[in-house]
Amino acid sequence: MDFSYNDEQQMLRDSVSKFVHQDYDFDSRRKIVDSETGYSKEHWALFAELGWLMVPFSEDDGGLGGSAVDLMLVMEEFGKGMVVEPFLNTAVIGGGLIADAGSDVQKQDLLPSVMEGQLQLAFAFTEAQSRYNLADVDTRAELQGEHYVINGKKAVVLNGESADKLIVSVRTAGAQRDRDGISLLLLDADTAGISRQAYATIDGQRAAEVSFDNVKVSAEQLLGAAGQALPSIEKIIDRATLAVCAEAVGSMEVVYKKTVEYTQTRKQFGVSLASFQALQHRMVDMFIEYEQARSILMMAAMQLDAGEGLAPKAISAAKSRVGKAARKVGQEAVQLHGGIGVTDELDIGHYFKRLTSVQYLYGSTDFHTQRFASL
Amino acid sequence: MNIDFSAEELAFQDEVRQFLSTKLPADISEGTLKGLHLGKEAHVRWQQILHAQGWAGVNWPVEHGGTGWTPTQKYIWSTECANAGAPDVVPFGLKMVAPVIYSYGNEEQKKRFLPDILASNVWWCQGYSEPNAGSDLASLRTTAVRDGDDYLVNGTKTWTTLGQYADWIFCLVRTGDSNTKNQEAITFLLIDMNDPAITVSPIYMLDGLREVNEIHFDNVRVPAANRIGEEGKGWTYAKVLLTHERTGIARVAASKQKLAALKVLAQSTSNGGEALLDNPAFAQKLAEVEIELLALEYTDLRALSAVSTGKAPGPESSILKITGTEVGQAIDEMYVEVAGYYSMPFVKEQFMVGFEGDPVGPEEAANSAPHYFNNRKASIYGGSNEIQKNIISKAVLGL
Ligand SMILES: Cc1cc2nc3c(=O)[nH]c(=O)nc-3n(C[C@H](O)[C@H](O)[C@H](O)COP(=O)(O)OP(=O)(O)OC[C@H]3O[C@@H](n4cnc5c(N)ncnc54)[C@H](O)[C@@H]3O)c2cc1C
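Residues numbered from 1 in each chain as written. Chains lettered and ligands numbered in written order. Predicted model: local features only at pLDDT ≥ 70, side-chain atom pairs only at ≥ 80, totals over all residues. Heavy atoms only, no water.

Visitor: Explanation requested: the overall build of chain B in the structure shown.
Guide: Of the regular secondary structure elements, chain B holds 13 helices and 10 strands. Against the compact-globule benchmark of 21 Å for 399 residues, chain B has a radius of gyration of 22 Å, which places it among compact chains. Projected onto the principal axes, the alpha-carbon positions of chain B cover approximately 75 × 50 × 50 Å. Taken over 399 residues, chain B has a buried fraction of 51%. Considering only contacts within chain B whose residues lie at least 6 apart along the sequence, 72% involve residues at least 24 apart. Split by element, the accessible area of chain B, about 18100 Å² in all, is 53% carbon and sulfur. One finds the centroid of the 34 positive side-chain charges in chain B at a distance of 5 Å from the centroid of its 49 negative side-chain charges. (Helix = DSSP H or I, 4+ residues; strand = E, 2+ residues; numbered from the N terminus. Rg over C-alpha atoms; globule rule 2.2 N^0.38 Å. Buried < 20%, exposed > 50% of the residue type's maximum accessible area, 1.4 Å probe, protein only. Contact = heavy atoms within 4.5 Å. Areas by Shrake-Rupley, 256 points an atom, 1.4 Å probe, with all protein chains shown as cover. Lys, Arg positive; Asp, Glu negative; His and termini not counted. Charge placed at Lys NZ, Arg CZ, Asp CG, Glu CD.)

Here is the structure:
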């Protein structure tokens, strides 16, 4: 048994941590969030230069090994600064799908530019009716000769605005919720017939509604075998789920510590808020939530790396428990800060927002609790 | 024991329904039921309709133009308003400063201020809290120093809700010298906001909107004639008010309306082919909130019945504040849950009344998360829920 990081992991973690501390204070983040693109291209280039974009990929694919523990420690540090650069969408999910389902040619074509920071990706998979069911796909692609013709609409496509290429889950056979008959198509985001309605999200990210109106794409742009994409999708969304759990744990660490610090400095009734035992116990509860979340996160990361088929259950356990903790820690941090906690001015409210959206991303707390029970 | 309305009360209920169905403007009820932001004009328009009906001063005594309704009538009124989508009146004038003026002001002040408040001609805001005086309000530091017939006011008020619209602000300020005991140094002043020595700066909330403000007073000259009652008695006036104006604090009617609408929404929300309402985890959570609300409704009715028999509401009303806000916040959170991925888009225009663009996602989802974030305020303001517990533990349990 060994819960420590090896030297390389320690170095990776230190480098991400240093970046967040030096270049990602709350005001800098706000400027990035408010900027036209919603992320910093300079930071993105730096991520590539420092090799972080290689973290999710195996050595065979030119990456750093793709371990879940590495992914976890990067995301945790990102969570501390609420980093909005589309690492998750481009490298973990988009790149992950190409690495998992793509042909050798597709991988050689695309993965180097992902790792070099030259290509932005988005995965268009949710639909208005699908909620968290990855098999609920009503966007259809019909094979006509050498081409697929796509019609349908994808909802809340994260990084959909900046993406150069989209990976879209489509139904090429079967009924709306069949596990079989789902395919992945890769296409340029500006292909004729695609329209994107872009917007900001509640947690400082960017997304788009993406409609496909008779969009024609060569059958060569299939990722993996036609109709057989669901296992790849599930695998990569599980990875993404681990990543947001790690991000949330990073955010929770900052949030509970900041709350402790704030109540020690804020005085009412002539004493610090922290001197009230009613509040001390509340902060102890936040701390326990954080520790429990961290434990289950590590369990899931190790299960994912062990690759013994237990991963989906472990991921759902982590998402369920981390979601519960994120809810409690976020709400309590705001409450204990009083009025300043519900303002846009202070970072606490922004952590609270992100700690809210991660509860629903890739399946809500209830969804994962039920999935855990069913596996 | 029974909870039936009398024949007169039922007739009153009919009258209220009739009024709301004919006089409540459709744009206002629609916006309110959808949880959209109404803006100043809509609030004033509605309050002036109430005034024309003679129903603006729900809690006011008849002699000043109030309705003189019984507690049960007020209860019927708030229930019907919530169901019809009538917005709450902006409380600062009608519910907060007016009672202080008609209870403790002189004749001159009553004549000068009350008619315009009743008619919603003047927008008021509340200047109690300060950056360093939140839960510990009595430690406030904005000073008022006597200078001839005036006071010179200096200091900073904060969290002033909708102060950007205000014509007047009612303030608690510090008078007397440094030896005066905290509570005895507090005076209640009415201040005209139209004064260059007052600056109002916005504070934006988690939903990105300007709801509160910070207000600076830099040697603001206030006629002593604007002081309510005696110098040093402001704390007493403010406190008496706080324990009296508790009708509706549990917000039962509003929560019931929102919960009913939530059920309809969850019924039409697909969850893997089934209605979300049929999902066991969701159904359980919803039932728990509904049961809590039912208990709260009866706690509220018990308090109401005590008031009807002439007892002043006691510190038990803190239960109504705590549980009422908790239930309200739980319902807000379930709207986020129903919205799922569509809780994420943050399209501000979409949660303002009058949006005509191409909407992102279902209409009800648009404001779900921003409203949930914003309404975390409910357990913080109006005496935070922790402070309410302190009150119960001291005044009820004797701890
Ligand atoms: C949206 C909004 C609108 C508002 N509108 C107005 C307005 O129009 N006019 C106005 O005057 N004020 C207004 N307020 C101010 C409001 O009344 C204060 O925010 C409130 O009194 C809490 O004060 P604070 O924010 O300074 O928090 P603090 O007093 O600093 O409290 C921080 C935390 O410590 C807890 N705490 C404090 N003391 C104790 C204790 N003794 N025991 C246990 N816990 C304790 C609190 O419950 C809270 O959780 C508004 C506030 C908000 C958020």
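Visitor: Even after reading the chapter, I still don't get the pairing of strand 3 (residues 147–158) of chain A, so can you show me in this structure?
Guide: Residue and element names in this part refer to chain A. The sheet contact formed by strand 2 (residues 140–144) and strand 3 spans 5 bridges and is antiparallel. When the sheet's bridge partners are listed, Ala 141 is paired in strand 3 with Ile 150. What sits between strand 2 and strand 3 in their antiparallel hairpin is a turn of 2 residues, with Gly 145 showing a positive phi close to 65 degrees. Sheet topology places strand 3 next to strand 7 (residues 206–218); 9 bridges connect them, and they run antiparallel. Following the sheet pairing, Lys 154 is matched in strand 7 by Val 210. (Pairing = 2+ DSSP bridges.)

Visitor: Got a minute to help me understand helix 11 (residues 365–374) of chain A in this structure?
Guide: Given 3.6 residues per turn, any residue in an α-helix points the same way as the ones three and four places further on. Inspection of helix 11 of chain A places Thr 365, Asp 366, His 368 and Arg 371 of chain A among the buried residues, and these make up the whole buried set. Next to the buried residues of helix 11 of chain A lie helix 7 (230–265), helix 9 (311–337) and helix 10 (347–360) of chain A together with helix 9 (280–308) and helix 10 (317–339) of chain B.

Visitor: Before we go on, may I ask you to explain the domain arrangement of chain B in this structure?
Guide: A common measure of how large an interface is: the accessible area buried when the components associate. Residue and element names in this part refer to chain B. By domain assignment, chain B separates into domain 1 (7–89), domain 2 (123–233) and domain 3 (250–395). The distance between the C-alpha centroids of domain 2 and domain 3 comes to 32 Å. Each side of the interface is counted separately: domain 2 has 7 residues, and domain 3 has 10 residues. Together, the buried faces of domain 2 and domain 3 total about 680 Å²; carbon and sulfur atoms form 62% of this surface. Area buried by domain 2 at its contact with domain 3 is led by Leu 206, Asp 207 and Leu 209, which between them contribute 57% of it. Linking domain 2 with domain 3 are 1 salt bridge. One salt bridge in this structure joins Glu 211 and Lys 377, with 2.6 Å as the shortest N-O distance. Put simply, domain 2 and domain 3 have 4 residue pairs in polar contact (both at pLDDT 80 or more) between them. Each residue belonging to the side of domain 2 that touches domain 3 can be placed in one class, and the counts come to 3 nonpolar, 2 polar and 2 charged. (Domains from an automatic or database assignment. Buried area = accessible area lost by both parts, 1.4 Å probe. Salt bridge = Lys/Arg side-chain N within 4 Å of Asp/Glu carboxyl O. Polar contact = N/O pair within 3.5 Å; in protein donor to acceptor, adjacent residues only side chain to side chain. Nonpolar A, V, L, I, M, F, W, Y, C, P; charged D, E, K, R; others polar.)

Visitor: Would you mind showing me how to read the domain arrangement of chain A here?
Guide: Residue and element names in this part refer to chain A. Parsing chain A into structural domains produces domain 1 (7–119), domain 2 (122–227) and domain 3 (231–374). The C-alpha centroid of domain 3 is placed 31 Å from the C-alpha centroid of domain 2. Tallying the contact residues gives 12 residues for domain 2 and 12 residues for domain 3. Arg 354 is the salt-bridge partner of Asp 203, the closest N and O atoms lying 2.7 Å from each other. On the surface where domain 2 and domain 3 come into contact, there are 3 residue pairs in polar contact (both at pLDDT 80 or more). Its residues placed into classes, the side of domain 2 that touches domain 3 shows 8 nonpolar, 2 polar and 2 charged.

Visitor: Please clarify how the interface of chain A and chain B should be interpreted in this entry.
Guide: Counting residues at the interface gives 51 residues for chain A and 50 residues for chain B. In total, about 4100 Å² of surface goes out of reach between chain A and chain B, with carbon and sulfur atoms giving 58% of it. The largest contributions to the chain A side of the interface with chain B come from Arg 131, Ile 202 and Val 342 of chain A, which together make up 18% of the buried area. Summed over the shared surface of chain A and chain B, the number is 3 salt bridges. Note that Glu 386 of chain B and Arg 282 of chain A form a salt bridge whose closest N and O atoms lie 2.8 Å from each other. Across the chain A-chain B interface, the total number found is 25 residue pairs in polar contact (both at pLDDT 80 or more). Sorting the residues of the side of chain A that touches chain B by element identifies strand 3, strand 6 (194–200), helix 8 (277–306), helix 9, helix 10 and helix 11 of chain A as the ones contributing at least two each. Considering only residue class, the side of chain A that touches chain B consists of 18 nonpolar, 21 polar and 12 charged.

Visitor: Whenever I open this one, the packing of aromatic side chains confuses me. Can you help?
Guide: Each pair of aromatic rings is reported with the distance of its centres and the angle of its planes. All chains considered together, the criterion is met by 39 aromatic pairs over all chains. Here Trp 55 of chain B and Trp 77 of chain B contribute two aromatic rings whose centre-to-centre distance is 5.4 Å and whose plane-to-plane angle is 75 degrees, an arrangement assigned as edge-to-face. Separated by 22 residues along the polypeptide, Trp 55 of chain B in the loop between helix 3 (40–53) and helix 4 (71–84) and Trp 77 of chain B in helix 4 bring together distant segments of the chain. You can call Trp 55 of chain B buried: its relative accessible area is 8%. For Trp 77 of chain B, a relative accessible area of 8% translates into the label buried. With a centroid separation of 6.0 Å and an interplanar angle of 45 degrees, the aromatic rings of Phe 346 of chain B and Phe 351 of chain B are classed as tilted. Residues Phe 346 of chain B and Phe 351 of chain B agree in their burial class; the two are buried. Here the aromatic residues Phe 19, Tyr 24, Tyr 39, Trp 44, Phe 47, Trp 52, Phe 78 and Phe 87 of chain A are joined through ring pairs into a cluster of three or more. In this arrangement the basic side chain of Lys 313 of chain A is found over the ring face of Phe 372 of chain A, its NZ or CZ atom lying 4.4 Å from the centre. In this arrangement the basic side chain of Lys 353 of chain A is found over the ring face of Phe 346 of chain B, its NZ or CZ atom lying 5.6 Å from the centre. (Phe/Tyr/Trp six-rings, centres within 6.5 Å; stacked < 30°, edge-to-face > 60°. Lys NZ or Arg CZ within 6 Å of the ring centre and 35° of its normal.)

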